[in-house]
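# Survey of secondary and tertiary structure
One letter stands for each residue in the lines below.
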Amino acid sequence: MPADLQWTALEWPGLEHVIASADADGFRADSQLIAGPPPGPARVSYQLRCDASWRFTALTITVTGAAGSRTLDLTASQDGHWLADGQPRRDLDGCTDIDISLTPLTNTLPIRRLGWSPGAARDLAVAYVSAPELSVRPVRQRYTLLSRDEQHKHALYRYESGSFRADLTVDGDGFVTGYPGLWRRVDPGAGAAA
């Protein structure tokens, strides 16, 4: 399943291109993102890896701006222990998923990892990576499958974290196509008129 994915930001200037692939060894994503949210423009690149069941295993994320570059390396073991830049992060132990603030890609991981039926809700312990700051903290998130359209190969999930809530449209592969007010997937076949 190699795929080129592209999203445009709606709240601030930004564009992300992800090269994604999944096979018997797991899921991999290599992203380049140009973002203009406060505190200012930045180039964000990340490489994300999951095992074959879509469980997070590793992330390297780099933020580059006029002041230089910063990198964060995160890993999670199969028994739920996390390392940040090689140091134990016991506050993240037990987190199953990861969520990177500047991308809709990481919403795909629990959508693909878990079994879903309409109305099903799942509460998750997640390591939340704020970019461009590269801070990490544990958060609780909830996903609920609101509807699925098998004929047109899309579904609608409600995403909740704290007081934030958004209804995400995803394609048949679980990748976000619409994230209200924040991201819109760009159809590579749509050309310049899109």
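Residues numbered from 1 in each chain as written. Predicted model: local features only at pLDDT ≥ 70, side-chain atom pairs only at ≥ 80, totals over all residues. Heavy atoms only, no water.

Bridging between strand 3 (residues 26-35) and strand 4 (residues 42-50) involves nine bridges; their strand directions are antiparallel. Pairing of Ile34 across the sheet is with Arg43, part of strand 4. Counting the residues between successive antiparallel strands, the hairpin from strand 3 to strand 4 contains six residues, one of them, Gly40, with a positive phi of roughly 155°. Here eight bridges tie strand 4 to strand 5 (residues 56-65), and the two strands are oriented antiparallel to one another. When the bridges of strand 5 are listed, Leu48 appears paired with Leu59. Connecting strand 4 to the antiparallel partner strand 5 that follows it, the hairpin turn spans five residues, and Trp54 within it adopts a positive phi of roughly 70°. (Pairing = 2+ DSSP bridges. Helix = DSSP H or I, 4+ residues; strand = E, 2+ residues; numbered from the N terminus.)

Applying the stated criterion across every chain, the model contains seven salt bridges. A salt bridge links Asp23 to Arg28, with the shortest nitrogen-to-oxygen separation between them at 2.8 Å. Classification of Asp23 by relative accessible area gives partly exposed; the value is 40%. Judged by its relative accessible area of 30%, Arg28 falls in the partly exposed class. (Salt bridge = Lys/Arg side-chain N within 4 Å of Asp/Glu carboxyl O. Buried < 20%, exposed > 50% of the residue type's maximum accessible area, 1.4 Å probe, protein only.)

Moving on, we come to the packing of aromatic side chains. To describe a pair of aromatic rings, one takes the distance between the centres and the angle between the planes. Under the counting rule described, the total for this entry stands at eight aromatic pairs. With centroids separated by 6.0 Å and ring planes inclined at 65°, the aromatic side chains of Tyr159 and Phe164 adopt a geometry described as edge-to-face. For Tyr159, a relative accessible area of 4% gives the class buried. What links up through ring pairs into an aromatic cluster is the set Tyr143, Tyr159, Phe164 and Tyr179. A cation over a ring is seen here: Arg122 above Trp116, with NZ or CZ 5.4 Å from the ring centre. (Phe/Tyr/Trp six-rings, centres within 6.5 Å; stacked < 30°, edge-to-face > 60°. Lys NZ or Arg CZ within 6 Å of the ring centre and 35° of its normal.)

Take the environment of Ala76 next. When you line up the elements, Ala76 lands in strand 6 (residues 68-76). With relative accessibility at 14%, the residue Ala76 sits in the buried group. As a C-alpha pair, Ala76 and Pro88 span twelve residues in sequence and 10.0 Å in three-dimensional space. When sequence neighbours within four positions are dropped, the list of residues in contact with Ala76 reads Phe56, Thr57, His81 and Trp82. (Contact = heavy atoms within 4.5 Å.)

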